[in-house]
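Geometric and topological summary
Next come the chains, spelled out residue by residue.
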Amino acid sequence: MILLTGVTGKIGGETARQLVAKGASLRALVRDEAKAADLKAAGVELVVGDIADADTVRQAMDGVDKAFLLLPNGEHQEAWEKQFTDLAVAAGVKHLVKMSSMEAVADAETPIPQAHWASEEHIRASGLDWTIIKPNFFMQNLLGSAGSIKEKRKFFLPMGNGTTGMADARDIGAVCAEVLTGSGHVGKSYEITGPEVLTFFDAADRFSEVLGEKVEYVPLPMEQFREKMTGILQPWHLNAVCELFREIAEMGLDHTTSTFKELIGREPISLKQFVEDHVALYK
Ligand SMILES: NC(=O)c1ccc[n+]([C@@H]2O[C@H](COP(=O)([O-])OP(=O)(O)OC[C@H]3O[C@@H](n4cnc5c(N)ncnc54)[C@H](OP(=O)(O)O)[C@@H]3O)[C@@H](O)[C@H]2O)c1
């Protein structure tokens, strides 16, 4: 039995759907049962509750041999992930797969990668078998700009001329599903990128190409972005996101990895393909 978290979100949802297609025996910890109705209909057992609640997690881990741990970024992510790890040890879970990020390194300087790294270290010291999934920027983040691209043919982000090797959540889900059902993944950290290093100006060109009209990326000054998001994100989260985006703007990523192709056996989805697949949202 595999326990999944985060199935009502982007990566967890993709992971769950791809595991269902593989016929895996699945249980999911969800906060809102209604949001996971399709998975329940597909045979996924649901345990309803919050990951912060140790009793709920214990109940969810009963009889589980592998667990997938994904939490959104927030003030409590590190503490809840460490608690989840300790509860997995106590419950006799054998293999823990954690969603981290490519920026999470030992000398990370901003709060989100630092929290991921601390959680990774806790898992590596736990005695559990582990695999860490470390993706770069999700293409699906650009769904948040669908409204402005549709209305103004412009999108506004504070990444300056920074680069990413953005990856599609469907591909990251495929990696998670492979790691949870395949062999040879214990003790590995997988850095996952898409097929190309792109600035957000390059990303705008991909949108222009698919939509057949000029789409413009407008780099926002960080303070303007912070103002725009105030009240939408919690203060800790907003500050952490601004710091992460500043890091992308200042340093970015200068390479892609071949990890996806080695694991899955095909090229990762390109941004052009992503835009084509979601064209109705942007047109
Ligand atoms: N975005 C990127 O570019 C990027 C790149 C690399 C790594 N990452 C990492 O990916 C992770 C986010 O993945 P995602 O984008 O797939 O997340 P997401 O779409 O925001 O989904 C978050 C999931 O976690 C669940 N959840 C939230 N709080 C919970 C709680 N207290 N108890 C139980 N479940 C809870 C949510 O359930 P509800 O539906 O109930 O809210 C949802 O299913 C983060 O750790 C981030 O650092 C992101």
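Scroll up to find the structure.
Below or above, wherever it landed, is the structure these notes cover.

Cut-offs applied
- Residues numbered from 1 in each chain as written.
- Predicted model: local features only at pLDDT ≥ 70, side-chain atom pairs only at ≥ 80, totals over all residues.
- Heavy atoms only, no water.
- Helix = DSSP H or I, 4+ residues; strand = E, 2+ residues; numbered from the N terminus.
- Buried < 20%, exposed > 50% of the residue type's maximum accessible area, 1.4 Å probe, protein only.
- Contact = heavy atoms within 4.5 Å.
- Near = heavy atom within 4 Å.
- Polar contact = N/O pair within 3.5 Å; in protein donor to acceptor, adjacent residues only side chain to side chain.
- Areas by Shrake-Rupley, 256 points an atom, 1.4 Å probe, with all protein chains shown as cover.
- Nonpolar A, V, L, I, M, F, W, Y, C, P; charged D, E, K, R; others polar.
- Expected span 1.5 Å × (residues − 1).
- Pairing = 2+ DSSP bridges.
- Right-handed = clockwise from strand over helix to strand, strands pointing away.
- Core = buried A, V, L, I, M, F, W, Y, C linked by side-chain atoms within 4.5 Å.
- Axes fitted to C-alpha atoms, helices over the stretch in contact; angles between N-to-C directions.
- Parallel < 35°, antiparallel > 145°, perpendicular 65-115°, else oblique.
- Left-handed = near helix turned anticlockwise from the far one by under 90°.

The helix and strand tally for the protein stands at 13 helices and 11 strands. If you line up the protein on its principal axes, its C-alpha atoms span 55 × 35 × 35 Å. Among the 283 residues that make up the protein, the fraction classed as buried is 51%. For the protein, long-range pairs separated by at least 24 residues make up 74% of all intrachain contacts whose partners lie at least 6 apart in sequence.

Further remarks concern the site of the ligand. In the vicinity of the ligand there are 25 residues, among which Thr-8, Lys-35, Leu-71, Asn-73 and His-116 approach most closely. Leu-71 places a polar main-chain atom, nitrogen or oxygen, 2.6 Å from an oxygen atom of the ligand. Within the backbone of Phe-138, a nitrogen or oxygen atom sits 2.9 Å from an oxygen atom of the ligand. Burial of the ligand by the surrounding chains reaches 85%, relative to a free accessible area of 950 Å². Elements represented by at least two residues in the shell around the ligand include exactly helix 1 (10-21) and helix 4 (77-91). Split into classes, the residues belonging to the shell around the ligand amount to 11 nonpolar, 10 polar and 4 charged.

Another aspect to go through is helix 1. Because the α-helix completes a turn every 3.6 residues, residues three or four places apart line up on one side. Helix length check: helix 1 (12 residues) gives 17 Å between terminal C-alpha atoms against 16 Å at 1.5 Å per residue, within 8%. Within helix 1, burial applies to Ile-11, Gly-12, Gly-13, Glu-14, Thr-15, Ala-16 and Leu-19. On its buried face, helix 1 sits against strand 1 (2-5), strand 2 (26-30), helix 2 (37-41), strand 4 (66-69), strand 5 (95-99) and helix 7 (169-181).

What follows deals with the side chain of Thr-15. Of note, Thr-15 is situated in helix 1. Accessibility expressed as a relative area gives 0% for Thr-15, which makes it buried.

Glancing now at the pairing of strand 4. The sheet contact formed by strand 1 and strand 4 spans 3 bridges and is parallel. Within the sheet, the bridge partner assigned to Leu-3 lies in strand 4 and is Ala-67. Here strand 4 pairs with strand 5 via 4 bridges, running parallel. Bridging across to strand 5, Leu-69 finds its partner in Lys-98. In this region the chain leaves strand 4, passes through helix 4 and returns to the parallel neighbour strand 5; the handedness of that crossover is right-handed.

One finds Leu-142, Phe-155, Met-166, Phe-200 and Leu-271 to be the most contacted residues of the largest nonpolar core, which totals 34 residues. Sorting the residues of this core by element identifies helix 6 (146-152), strand 7 (154-157), helix 8 (200-211), helix 9 (222-229), helix 10 (235-250) and helix 12 (271-277) as the ones contributing at least two each. When residues of this core are assigned to their parent elements, the largest contribution, 7 residues, is made by helix 10. Setting aside residues no more than four positions away along its own chain, Leu-142 makes contact with Phe-155, Leu-157, Met-166, Phe-200, Phe-207, Leu-271 and Tyr-282. If you look at the next biggest cluster of nonpolar residues, it comprises 32 residues, including Ile-11, Met-99, Cys-176 and Leu-263.

Take the packing of helix 9 against helix 10 next. Relative to each other, helix 9 and helix 10 sit at 150°, their axes nearing to 11 Å. Our classification of the angle between helix 9 and helix 10 gives roughly antiparallel. Here helix 9 runs over helix 10; the crossing is right-handed. For the pair helix 9 and helix 10, contact is made by Met-222, Glu-223, Phe-225, Arg-226 and Met-229 and by Leu-238, Asn-239, Val-241, Cys-242, Phe-245 and Arg-246, respectively.

Here helix 5 (residues 111-124) spans 20 Å end to end across 14 residues, near enough to the 20 Å set by a 1.5 Å rise per residue. Those residues of helix 5 not exposed but buried are Pro-111, Ile-112, Pro-113, Ala-115, His-116, Ser-119, Glu-120 and Ile-123. Buried-residue contacts for helix 5 involve helix 4, strand 5, strand 6 (129-135) and helix 10.

Between helix 3 (residues 54-61) and helix 4, the shortest axis-to-axis distance is 10 Å and the interhelical angle comes to 45°. Judged on the interaxial angle alone, helix 4 and helix 3 are oblique. The handedness of the crossing between helix 3 and helix 4 is right-handed. Contact with helix 3, carried on its side by Ala-54, Val-57, Arg-58 and Met-61, involves Gln-83, Phe-84, Leu-87, Ala-88 and Ala-91 of helix 4 and no other residues of that element. Of the residues that constitute the contact of helix 3 with helix 4, the class distribution is 7 nonpolar, 1 polar and 1 charged.

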